Every structure is written in C-alpha cells, then in structure tokens.
Amino acid sequence: MYNLIMFGPPGAGKGTQAKIISKRLEIPAISTGEMIRAAIKSETPMGLAAREYTESGRLVPDEVVIGIIKERLTEADCQKGFILDGFPRTIPQAEALAQMGVEITKVISFEVSDEAIVDRMSGRRLCSSCSASYHVKYAPSAVEGKCDSCGAELIIRKDDKPEVVLSRLETYHSETEPLKAFYEKQGVLAIVNGEGEVDKVSESAFKALGVTVD
Ligand code: ADP
Ligand code: AMP
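Calculation criteria
Residues numbered from 1 in each chain as written. Chains lettered and ligands numbered in written order. Predicted model: local features only at pLDDT ≥ 70, side-chain atom pairs only at ≥ 80, totals over all residues. Heavy atoms only, no water. Buried < 20%, exposed > 50% of the residue type's maximum accessible area, 1.4 Å probe, protein only. Helix = DSSP H or I, 4+ residues; strand = E, 2+ residues; numbered from the N terminus. Arc of directions from axis to C-beta. Contact = heavy atoms within 4.5 Å. Near = heavy atom within 4 Å. Polar contact = N/O pair within 3.5 Å; in protein donor to acceptor, adjacent residues only side chain to side chain. Areas by Shrake-Rupley, 256 points an atom, 1.4 Å probe, with all protein chains shown as cover. Nonpolar A, V, L, I, M, F, W, Y, C, P; charged D, E, K, R; others polar. Expected span 1.5 Å × (residues − 1). Phe/Tyr/Trp six-rings, centres within 6.5 Å; stacked < 30°, edge-to-face > 60°.

### Here we look at helix α5 (residues 91–99)
Okay, step 1: For α5, the set of buried residues is Gln 93, Ala 94, Ala 96 and Leu 97. All buried residues of α5 project into a common sector of 160° when viewed along the axis, lining one side.
Okay, step 2: The elements touched by buried residues of α5 are β1 (2–7), α4 (62–73), β3 (81–85) and α8 (179–185).

See the structure below:
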C-alpha cells in the first residue's frame, strides 16, 4: 500500500507527476489546490472563505485544509492508498495528518530551482472546465487555447500572475520547506530532480518508490 506525498514548490510538477503515478498504482491523486479551486468556482461556503487567500497566493488557514483532507481520506477509494498533492504545506498540517493515524510511505520532493519555477508558472494553462493542466512551451494543447480532453477554453490561474508567483515561492521557503526535515527525520523523504523532462522525472520518482514501469 502506498500513502504518498508529492512535495515541492508551487509549479514543481507535483500535479503532473501525481496524475502519472495515480494511473500506474491505481490510487487517487488528491490535490487540495484543485479542491479549493472547485469550491471557489461553485461558491460553497468553504470556497467563499478560501477565495481571498488562494487568489492572492497566501495559504488557506490550516483548520480549513485539514478539514478538507480529513473528510476526503475517509472516502472508499483511499483504502488502498492515495497520493497527496499540495498537502501538507505547514508543520501543523503534517502533525494533523499523523494524528489521523495516516502512515506515510514516501514523500517525494521534486527539486526545481526558483528560476525554473517562474518559467513553468508563467506558461501554465488550466482547462476552465475539467482542470486539465498544460504548459505553452513544455506541454502545449493540440489547438492553442483549447483543452485536448474536452475542448473548453484554457485559462491562466489567478495565482500564476508574476507578482503572486514570487510571494508563493517565499511562502514555500518559509512555511513549507521545513517539512523536508520533518519527513527526513522519519526516514521517508526521497529527493528527486524535478528539472528534467516529464518522463525523466517520473522515471526517477518510480525508482524512488521501487516501482517498475514497462
Ligand atoms: P504543481 O502541481 O507542482 O503546481 P504542475 O504539475 O501544475 O505543478 O506543473 C506546473 C507547470 O509546469 C505546468 O504547466 C506543467 O505542464 C509544467 N511541467 C510539469 N512538469 C514539467 C517538466 N518536467 N518539465 C517542464 N514543464 C513541466
Ligand atoms: P496548488 O494548486 O497546490 O498550487 O494550491 C493553490 C492554492 O490553494 C495555494 O496557493 C493555497 O492558497 C491553497 N492551498 C492548497 N493546498 C493548501 C494547503 N495544504 N494549505 C494551505 N493552502 C493550500
């Protein structure tokens, strides 16, 4: 059973890799960012409360995201394992996860320099309907501005604007990066070079998990 955490700065490729690993291991990829964006779109009370934080690039309060994860992990599809993408992002969130009785198999930390992050986030495009993710240079859609899977319009995330990206990176270094030491102490941290092509990064991630791929 694999209970995995995709770790790294915003734009490191956590979502991209979570989807690939999810397919191979047949366990769900759970993105708190995606759940929050969906809640904002449908204007649920949680979405309305989170909007200001997320769109300005700040972290949503711990109790809110801990609540989201607690509920999600009780769903049936998580019984054979799961991949967390974007959670935990603070020490209290990691402690809450441990208190839920969750045993983490591996934390894969995708190492990407700040310069590469800015390049990745400035080119990221998101489907306005099914939330598939693209990059104008590295993972373009077949038809510019349209989603390959559903044909809907591609948009730029509000928090991918250059001024917001820099503050998200600062938040990563101050609030989230300390989690590496937290998980290293537990012996579950795996460092992976996140700067190669998507396939190369997946190859390293599977190697770290001891999983073979054809
Ligand atoms: P995260 O989930 O960590 O925020 P994403 O998976 O959304 O990151 O990736 C950020 C952007 O970089 C996306 O536009 C994605 O298509 C692109 N990307 C992901 N992995 C790579 C890679 N190995 N090389 C180049 N671009 C990548
Ligand atoms: P992501 O899609 O992972 O880049 O997350 C987008 C945004 O959602 C973040 O900048 C935060 O505002 C919010 N968010 C997602 N996950 C968390 C988390 N674990 N803790 C706090 N805020 C989060």
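Read on, since the account is not over.
### Description of the site of ligand 1
Okay, step 1: Not every one of the 19 residues close to ligand 1 is listed here, only the nearest: Gly 11, Gly 15, Thr 16, Arg 124 and Tyr 134.
Okay, step 2: Thr 16 has a polar side-chain atom sitting 2.6 Å from an oxygen atom of ligand 1.
Okay, step 3: Protein coverage of the free-state accessible area of ligand 1, which is 560 Å², stands at 91%.
Okay, step 4: Those elements that place two or more of their residues in the shell around ligand 1 are α1 (14–25), β6 (133–135) and α9 (198–209).
Okay, step 5: Broken down by class, the residue content of the shell around ligand 1 amounts to eight nonpolar, seven polar and four charged.

### Details of the site of ligand 2
Okay, step 1: Close to ligand 2 lie 16 residues, the nearest being Thr 32, Arg 37, Arg 58, Gly 86 and Gln 93.
Okay, step 2: In this structure, an oxygen atom belonging to ligand 2 sits 2.9 Å away from a side-chain N or O atom of Arg 37.
Okay, step 3: A distance of 2.9 Å is found between a nitrogen atom of ligand 2 and a backbone nitrogen or oxygen belonging to Gly 86.
Okay, step 4: When the free accessible area of ligand 2 is taken as 490 Å², the share hidden by the protein chains comes to 96%.
Okay, step 5: In terms of residue count, the dominant contributor to the shell around ligand 2 is helix α2 (residues 32–41) (four residues).

### Some remarks on α1
Two residues of an α-helix separated by three or four positions point the same way, owing to the 3.6 residues in each turn.
Okay, step 1: Given a rise of 1.5 Å per residue, twelve residues ought to cover 16 Å, and the 16 Å separating the end C-alpha atoms of α1 matches this to within 8%.
Okay, step 2: Turning to α1, its buried residues are Lys 14, Gln 17, Ala 18, Ile 21, Ser 22 and Leu 25. Buried residues of α1, viewed axially, fall in a sector of 140°; they line one side.
Okay, step 3: Looking at the buried residues of α1, the elements they touch are β1, β2 (29–31), β3, β4 (106–111) and α9.

### Let's talk about the packing of aromatic side chains
Okay, step 1: Here the structure, examined in full by the defined rule, presents two aromatic pairs.
Okay, step 2: For the ring pair Phe 7 and Tyr 172, a centre distance of 6.1 Å and an interplane angle of 50° mean the geometry is tilted. Here Phe 7 is found in strand β1, whereas its partner Tyr 172 is found in helix α7 (residues 162–176), with 165 residues between them in sequence.
Okay, step 3: A relative accessible area of 3% means that Phe 7 is categorised as buried.
Okay, step 4: Here Phe 182 and Tyr 183 contribute two aromatic rings whose centre-to-centre distance is 5.0 Å and whose plane-to-plane angle is 80°, an arrangement assigned as edge-to-face.
Okay, step 5: Of the residues examined, Tyr 183 reaches a relative accessible area of 2% and is grouped as buried.

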